[in-house]
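Chain residues, written in single-letter form:
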Amino acid sequence: MKEKITGSHALMQSLIAEGVDTIFGYPGGQIMPTFDALFDYAKEINHILVRHEQGAVHAAEGYARVSGRVGVALVTSGPGATNAITGIADAMLDSTPLVVIAGQVPTTSLGTDAFQETDLVGITQPLTKWSYQIRTADEVAWAIARAFFIAQTGRPGPVVLDFTKDAQINMVDFHHEKCRFVRSYQPVPDTDPDTVWQAAAIINAAQKPLALVGQGVTLGKAEKEVMEFLEKAQIPAAETLLGLSALPSDYPLNMGMLGMHGNLAPNLKTNECDVLIAIGMRFNERVTGDLTKYARQAKIIHFDIDISELGKNVKPDVGVAGDVKQTIPAVTALLNTARHDEWIAGFKPLAEKEYETVIKNETMPQSGEIRMGEVVQLISDATRHDAVLVTDVGQNQMISARYFKFKHPNSMVTSGGLGTMGFGLPAAIGAKVGAPERTVCLFMGDGGFQMTVEELGTVMQSQIGIKMIVLNNSRLGMVRQWQQLFWKERYSFTTMMNPDFVLLGKAYGIDSRRVQTREELPGAIAEMLKDDRPYLLIVDVETEGMVYPMTPGGTAVDNVLLG
């Protein structure tokens, strides 16, 4: 006869059965039985105590993005659950696999406006792949198995489990069985063989093909397959923001980053190519600009695991549904070996123009204030391009995406779809926990840093060896840039009075240093990277720095400003 255990213990054993070894969380009243059970599993599950529930979910995101596993967050009801909403929404838009477990009042109190009761299922249904309330201990193992299956299959995303207090306390005969099927849920759609043939035929006839590589390539672990595809037909490629690191930065067919602050050549060539091949990306407006002027001359092929994305923003001539790890090789097998030397050569003069007009001045200034780009490039070089890049949101994000280089997949962690300021610090914590053997470099602005600055306490308590770089311009830099360009230099509330960040870092026991001159930079970077302990580097950069190139929002993708 099986021994009965509580629903909370059933939760712990179910998580272990699903391979969970790390939880990011914050205790509270309605989740206390589960945290009490967690105390008994300290050897099996590493719990990282964050300082805010938003930080727990962002940390779980960072963990998931570098490890390829499901991130887990554990919070209490009411404000604990609502504090987690931003991270849940962020994960949904960026296809990050999470299971977020929140405490809830007992079933007898549901609907009574009990202390710290919120309708978490109702709130999160539009923001998740699945949101479910566990009301009995008998449901625990089933719900966990289903949650992990849904979160990590197909197009990944967040799942929320609302765990009532009596379900945590009541007894159950525990049995966990992995979920392998959910009725009405088809994580990987069937691929129509005709679309494979049609895609290959269009590519074989192309004279000026261009591939757009998105995060779906990384999520599908299809980097090798995509490179074989590109090489067979000699197709130049560009990456979305979240697709960065799917291809090595120095890969010969990698033409750079797409989008509003992407590289000049791929953005201009988007409106010159005759075949546009989108692989695991969703044609976000930050990539396409004005859709009425986007790649009108090109035949469009779209590979995606999510059939709702095929034709949602850009109508393809051929939509190839399915897992890119299977669909790309299927098309590759039908491709002719091809050369597009003249077409590829046309990218070079545009790259040289961008270098002379923008990159050289940004990364190798001869005088004046320190520039953001030179800081990013120096740190990338110092890590030999082996590090994981984590960014916050704003100018720091776009600059580090442009100038940090990558050798390995799963090396870019940023908030894309939601653009969440405050994402960076907790996400870097999760990234380091998920890949402890790798150097994790976090770039933040002074604004975003202060949105989740309390997570320095997590860094201190758990000794998370992340390298935190604040590009400090005492401004909300991206908003200020838009005010300068499009709002007649009316700088409405974008100047920030900041604390002494070095004293703040030292208050948390973290080695900290401030750099104000260019000459100090190399030594400070070497000091930061000399060991695996946490480090906070504040670099005072030019107060009115700009991120170029820039395609103004709502304009054509080839309407690129260079300064």
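Draft legend 1. Representation of the layout of surface pockets. Empty space within the second largest pocket amounts to approximately 530 Å³. Lining the second largest pocket are 21 residues, with Met-255, Gly-256, Asn-263, Arg-402 and Lys-405 sitting closest to its centre. Taken together, the residues of the lining of the second largest pocket sort by class into twelve nonpolar, five polar and four charged. No fewer than three residues from each of domain 2 (193–347) and domain 3 (370–540) sit in the lining of the second largest pocket.

Draft legend 2. Broad picture of the environment of Ile-379. Mapped onto the secondary structure, Ile-379 falls in helix H17 (residues 372–382). The spacing of Ile-379 and Ile-469 is 90 residues in sequence and 9.6 Å in space, taken between C-alpha atoms. Apart from residues lying up to four places away in sequence, Ile-379 is in contact with Phe-404, Cys-441, Phe-443, Ile-469, Ile-525 and Met-528.

Draft legend 3. Structural view of helix H24 (residues 521–529). Those residues of H24 that fall on the buried side of the exposure criterion are Leu-521, Ala-524, Ile-525 and Met-528. Projection of H24 onto a plane perpendicular to its axis shows the buried side chains occupying an angular sector of 100°, all on one side. Taken together, the buried residues of H24 touch H17, strand S18 (467–472), strand S19 (511–515) and strand S20 (535–540).

Draft legend 4. Quick look at the pairing of S19. Where S19 meets S20, five bridges bridge the pair, whose relative direction is parallel. Within S20, the residue paired with Ser-512 across the bridge is Leu-536. In this fold, S19 hands off to H24, which returns the chain to S20; that crossover is right-handed.

Draft legend 5. Quick peek at the domain arrangement of the protein chain. Domain annotation of the protein chain identifies domain 1 (5–172), domain 2 (193–347) and domain 3 (370–540). On a C-alpha basis, the centres of domain 2 and domain 3 stand 31 Å from each other. On the side of domain 3, 18 residues touch domain 2, which itself brings 14 residues to the contact. Summed over both sides, the interface between domain 2 and domain 3 buries roughly 1300 Å², with carbon and sulfur atoms accounting for 65% of that surface. When residues of domain 2 are sorted by the area they lose upon contact with domain 3, Leu-241, Ser-245 and His-261 head the list and together hold 42% of the total. Where domain 2 touches domain 3, the interface holds zero salt bridges. Looking at the side of domain 2 that touches domain 3, its residues break down into six nonpolar, six polar and two charged.

Draft legend 6. Looking closely at the environment of Phe-486. Of note, Phe-486 is situated in helix H22 (residues 477–486). Sequence separation between Phe-486 and Leu-244 is 242 residues, and the spatial gap between their C-alpha atoms is 29 Å. Among all residues touching Phe-486, those that are not within four sequence positions of it are Met-550 and Pro-552.

Draft legend 7. Helix H18 (residues 395–403), seen in detail. The buried fraction of H18 is high, at nine of nine residues. Restricting attention to buried positions, one finds in H18 the residues Gln-395, Asn-396, Gln-397, Met-398, Ile-399, Ser-400, Ala-401, Arg-402 and Tyr-403.

Draft legend 8. How the structure looks around the side chain of Thr-383. Topologically, Thr-383 is positioned in the loop between H17 and strand S15 (388–391). If near-sequence neighbours (up to four positions away) are discounted, Thr-383 is found in contact with Phe-404, Thr-439, Cys-441 and Leu-529.

Here is what the cut-offs are and how they apply
- Residues numbered from 1 in each chain as written.
- Predicted model: local features only at pLDDT ≥ 70, side-chain atom pairs only at ≥ 80, totals over all residues.
- Heavy atoms only, no water.
- 1 Å grid on protein atoms, 1.4 Å probe; cavity = no way out; pocket = protein on both sides within 12 Å on 5 of 7 lines; lining within 4 Å.
- Points joined across faces, edges and corners; volume = space filled by probe spheres on them.
- Nonpolar A, V, L, I, M, F, W, Y, C, P; charged D, E, K, R; others polar.
- Domains from an automatic or database assignment.
- Helix = DSSP H or I, 4+ residues; strand = E, 2+ residues; numbered from the N terminus.
- Contact = heavy atoms within 4.5 Å.
- Buried < 20%, exposed > 50% of the residue type's maximum accessible area, 1.4 Å probe, protein only.
- Arc of directions from axis to C-beta.
- Pairing = 2+ DSSP bridges.
- Right-handed = clockwise from strand over helix to strand, strands pointing away.
- Buried area = accessible area lost by both parts, 1.4 Å probe.
- Salt bridge = Lys/Arg side-chain N within 4 Å of Asp/Glu carboxyl O.

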